[in-house]
Amino acid sequence: MAEGSRSDGFQGARTGPPGGPLPDRWNSRGWAMTFQVWGWRREDASPVLAWVPDAEGGRGAAMPRRTPATKDPTAVERANLLNMAKLSIKGLIESALSFGRTLDSDYPPLQQFFVVMEHCLKHGLKVRKSFLSYNKTIWGPLELVEKLYPEAEEIGASVRDLPGLKTPLGRARAWLRLALMQKKMADYLRCLIIQRDLLSEFYEYHALMMEEEGAVIVGLLVGLNVIDANLCVKGEDLDSQVGVIDFSMYLKNEEDIGNKERNVQIAAILDQKNYVEELNRQLNSTVSSLHSRVDSLEKSNTKLIEELAIAKNNIIKLQEENHQLRSENKLILMKTQQHLEVTKVDVETELQTYKHSRQGLDEMYNEARRQLRDESQLRQGSEDGLKEKNEIIVRLEEKTNKITAAMRQLEQRLQQAEKAQMEAEDEDKKYLQECQSKSDNLQKQISQKEKQLVQLETDLKIEKEWRQTLQEDLQKEKDALSHLRNETQQIISLKKEFLNIQDENQQLKKIYHEQEQALEELGNKLSESKLKIEDIKEANKALQGLVWLKDKEATHCKLCEKEFSLSKRKHHCRNCGEIFCNACSDNELPLPSSPKPVRVCDSCHALLIQRCSSNLP
């Protein structure tokens, strides 16, 4: 039996099973690779050939491989992301084990692993409405892990306490790094994918985390527990990083034999061009989103400025009203105090007059009583005097009645003055209370407006800082765009050089084909002469007799020079008489010495067939 098939120049168009790992090397002939955000797509202009195995285990004829039917694009994206996750996790584990120490943040396979995980978590995210715009964020489902896995609360709290993180995407990136350092990323994500009813709030039904691919990726993450990582999350700028998968770490192009070095440079230039174009697209999208954010921030800033101006005008009006009320309050207090002083003076004068009049009446009453006593004593002496005294008494009684009436009037006036004073005091107290309540209300309104003003000023400061950061990011993006444009110009110049080299190559190919045709003509003439010489040699051998080589004299195959053994037996060629192995003498042809087909070696087989074909008309 033959030991194995011989090697040929075809290097396989072998593909693995769907969803399996990709081959290490790709044939660069006839392939055009275009990188997309969620993976890559292969387009072949010519049909791809695949070897069909024959009955003995060797390679048979090259048959065209059937192209698969068109699939759902989301399923293709999931399969590509799964393949990239397998490659990144496998490469990270192998490189980390060979690295032999704790991994840092600057380690390229580790950075690519985080980028791939970010793309896997972003796949199929629902659009969420925020205060400024519509966006997609993976921080929402990762924040949900705290409710499902209590040990994840420490990571969430530490991520929220980081001072440099301003966006949800930056918090999600910090969360992934802390989970890898804790060696619990697989446990956290396993708890998350089990709760599909909660995940449906954040992901579409066709998302990777909602399908079987998510469970496969979580199972692969268990292998990362053998890795020790020491990542400094506090000093990294996780908000402005661009998450682009670097396919150059996983793909290697196979070059042609004749133009190896030149094809390496061309492939690198094309890969770099595709990468730069994809990065340029992403940067354009980020710049457009930043422009929209800046526009929305300018609108909100103008609104806040208008609200601030309105609040300032209201505060000024309230302050003016407060000043007016205070001035009116002071005037009313002055008037009431003057009125009270006037009434007090009037009451005091009336009291003094009342006291003087009462003293005079008391003196008159006392004198009248004395006179009555004296008259009563003298009554006994004379009746005439009595009559006169009676008249005097009547007069005195009239005077006393008048005095009592005047006293009553004065008392009524005094009571009325006291009542008026009390009413004025009550009115003053009520007015003072009303003024005090109004002033308190105005003070409260002023304090509220001042608080609103302070809050609006803080919001305005925050908006200004955010706008400055966005402007800085926009400037960085512009610088990156200018750098990329320079690189694209360099790539265009390299492309022109490549086209010139292609033209030169085509010219050289033309010269090569012309020389090859001349060599073919010379080869045909040489083959004819060789055939004539072989005919002469065979005629001489026929005349001299064939030399049948003995088995003891041969220890190695004459053609492949492999040593004979129990498994590799000896076989004689019936044409030349030499000893060969089975693989080099498995041909049979009829010879002039025997009409039946007999065993011949490969060289005699090729020679006899060529002679037969040349002898045919």
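Rules behind the numbers
- Residues numbered from 1 in each chain as written.
- Predicted model: local features only at pLDDT ≥ 70, side-chain atom pairs only at ≥ 80, totals over all residues.
- Heavy atoms only, no water.
- Helix = DSSP H or I, 4+ residues; strand = E, 2+ residues; numbered from the N terminus.
- Buried < 20%, exposed > 50% of the residue type's maximum accessible area, 1.4 Å probe, protein only.
- Contact = heavy atoms within 4.5 Å.
- Areas by Shrake-Rupley, 256 points an atom, 1.4 Å probe, with all protein chains shown as cover.
- Salt bridge = Lys/Arg side-chain N within 4 Å of Asp/Glu carboxyl O.
- Core = buried A, V, L, I, M, F, W, Y, C linked by side-chain atoms within 4.5 Å.
- Pairing = 2+ DSSP bridges.
- Expected span 1.5 Å × (residues − 1).
- Arc of directions from axis to C-beta.
- pLDDT = per-residue confidence, 0-100.
- Phe/Tyr/Trp six-rings, centres within 6.5 Å; stacked < 30°, edge-to-face > 60°.

> Describe the overall build of the chain, with residues and values.
Assigned secondary structure in the chain consists of 12 helices and 12 strands. The buried share of the chain, reckoned over its 617 residues, is 30%. Once local pairs closer than 6 in sequence are excluded, the contacts in the chain between residues at least 24 apart make up 66%. About 41900 Å² of surface is accessible on the chain, with carbon and sulfur atoms providing 52% of the total.

> Provide a residue-level description of the pattern of salt bridges, including the pertinent values.
According to the stated counting rule, one finds 10 salt bridges in the structure shown. A salt bridge links arginine 190 to aspartate 187, with the nearest nitrogen and oxygen atoms 3.1 Å apart. Of this pair, arginine 190 and aspartate 187 both sit in helix α7 (residues 185-194), three residues apart, which is roughly one turn of that helix. Of the residues examined, aspartate 187 reaches a relative accessible area of 29% and is grouped as partly exposed.

> I'd like a rundown of unusual backbone geometry, residues and numbers included.
In this model, lysine 183 sits at a positive phi of 60 degrees, which is unusual for a non-glycine residue. By secondary structure assignment, the location of lysine 183 is in the loop between α6 (168-182) and α7. Assessed through its relative accessible area of 32%, lysine 183 is described here as partly exposed. For glutamate 561, which is not glycine, the phi dihedral falls at a positive 60 degrees. Mapping glutamate 561 onto the fold places it in the loop between α11 (383-544) and β9 (571-572).

> Mind laying out the nonpolar core, listing which residues take part and the relevant values?
Residues Leu110, Phe113, Trp175, Met185, Tyr203, Leu221 and Leu224 are the most contacted members of the largest nonpolar core, which totals 62 residues. Sorting the residues of this core by element identifies α1 (73-99), α2 (108-122), α3 (139-143), α5 (153-161), α6, α7 and α9 (212-221) as the ones contributing at least two each. Broken down by element, the residue count for this core peaks at nine residues, all from α1. The contacts of tyrosine 203, once residues within four sequence positions are left out, are Leu121, His123, Gly124, Leu125, Lys126, Pro141, Met209 and Met210. Core analysis: the next-biggest nonpolar cluster, separate from the first, contains 16 residues, Cys584, Val598, Val600 and Leu608 among them.

> Explain the pairing of strand β12 (residues 597-600) to me, and be specific about the residues and the numbers.
A regular strand carries its side chains on alternate faces of the sheet. Inspection of the sheet shows strand β11 (residues 587-590) paired to β12 by four bridges, in the antiparallel sense. In the strand pairing of β12, asparagine 587 is matched with valine 600. Count of turn residues in the β11/β12 antiparallel hairpin: six residues.

> Go over α6 with me, naming the residues and quoting the values.
The end-to-end C-alpha distance of α6, which contains 15 residues, comes to 21 Å, matching closely the 21 Å that a straight helix rising 1.5 Å per residue would cover. Those residues of α6 not exposed but buried are Gly170, Ala172, Arg173, Ala174, Trp175, Leu176, Arg177, Leu178, Ala179 and Leu180. Elements in contact with the buried residues of α6: α2, α3, α4 (145-148), α5 and α7. Residue lysine 183 follows α6 closely and has a positive phi angle near 60 degrees.

> Outline α9, listing residues and values.
All of the buried residues in α9 are Glu213, Gly214, Ile217, Val218 and Leu221. Mapping the buried residues of α9 onto a view down its axis gives an arc of 140 degrees, with all of them on the same face.

> I'd like a description of the confidence of the model for the chain, backed by residues and values.
With 78% of its residues at a pLDDT of 70 or more, the chain shows a mean pLDDT of 76. Taken element by element, the chain is modelled with least confidence in strand β2 (residues 31-36), mean pLDDT 33, and with most confidence in strand β10 (residues 579-580), mean pLDDT 91. Confidence drops under a pLDDT of 50 for residues 1-69, and excluding neighbours within four residues, the segment shows 97 contacts in the predicted structure. Throughout residues 253-258 the model reports pLDDT below 50, and contacts reaching past four residues in sequence, or to other chains, amount to 15 contacts.

> Give me the packing of aromatic side chains: which residues, what numbers.
What the rule picks out here adds up to three aromatic pairs. Ring geometry for tyrosine 149 and tyrosine 188: centres 5.1 Å apart, planes at 75 degrees, overall edge-to-face. Taken together, the positions of tyrosine 149 in the loop between α4 and α5 and tyrosine 188 in helix α7 put the pair 39 residues apart, joining distant regions of the chain. Neither tyrosine 149 nor tyrosine 188 differs from the other in exposure class; each is buried. Here tryptophan 175 and tyrosine 188 contribute two aromatic rings whose centre-to-centre distance is 5.7 Å and whose plane-to-plane angle is 50 degrees, an arrangement assigned as tilted. Placement of tryptophan 175 in helix α6 and of tyrosine 188 in helix α7 is noted, with a sequence separation of 13 residues between them. For tyrosine 188, a relative accessible area of 0% translates into the label buried. Connected via pairs of aromatic rings, a cluster forms that spans Tyr149, Trp175 and Tyr188.

> Tell me about the environment of glutamate 277, and please be specific about residues and values.
With respect to the helices and strands, glutamate 277 occurs in helix α10 (residues 260-379). By relative accessible area, glutamate 277 is classed as partly exposed at 32%. Expressed as a C-alpha distance, the spacing of glutamate 277 and threonine 488, which sit 211 residues apart in the sequence, is 8.3 Å.

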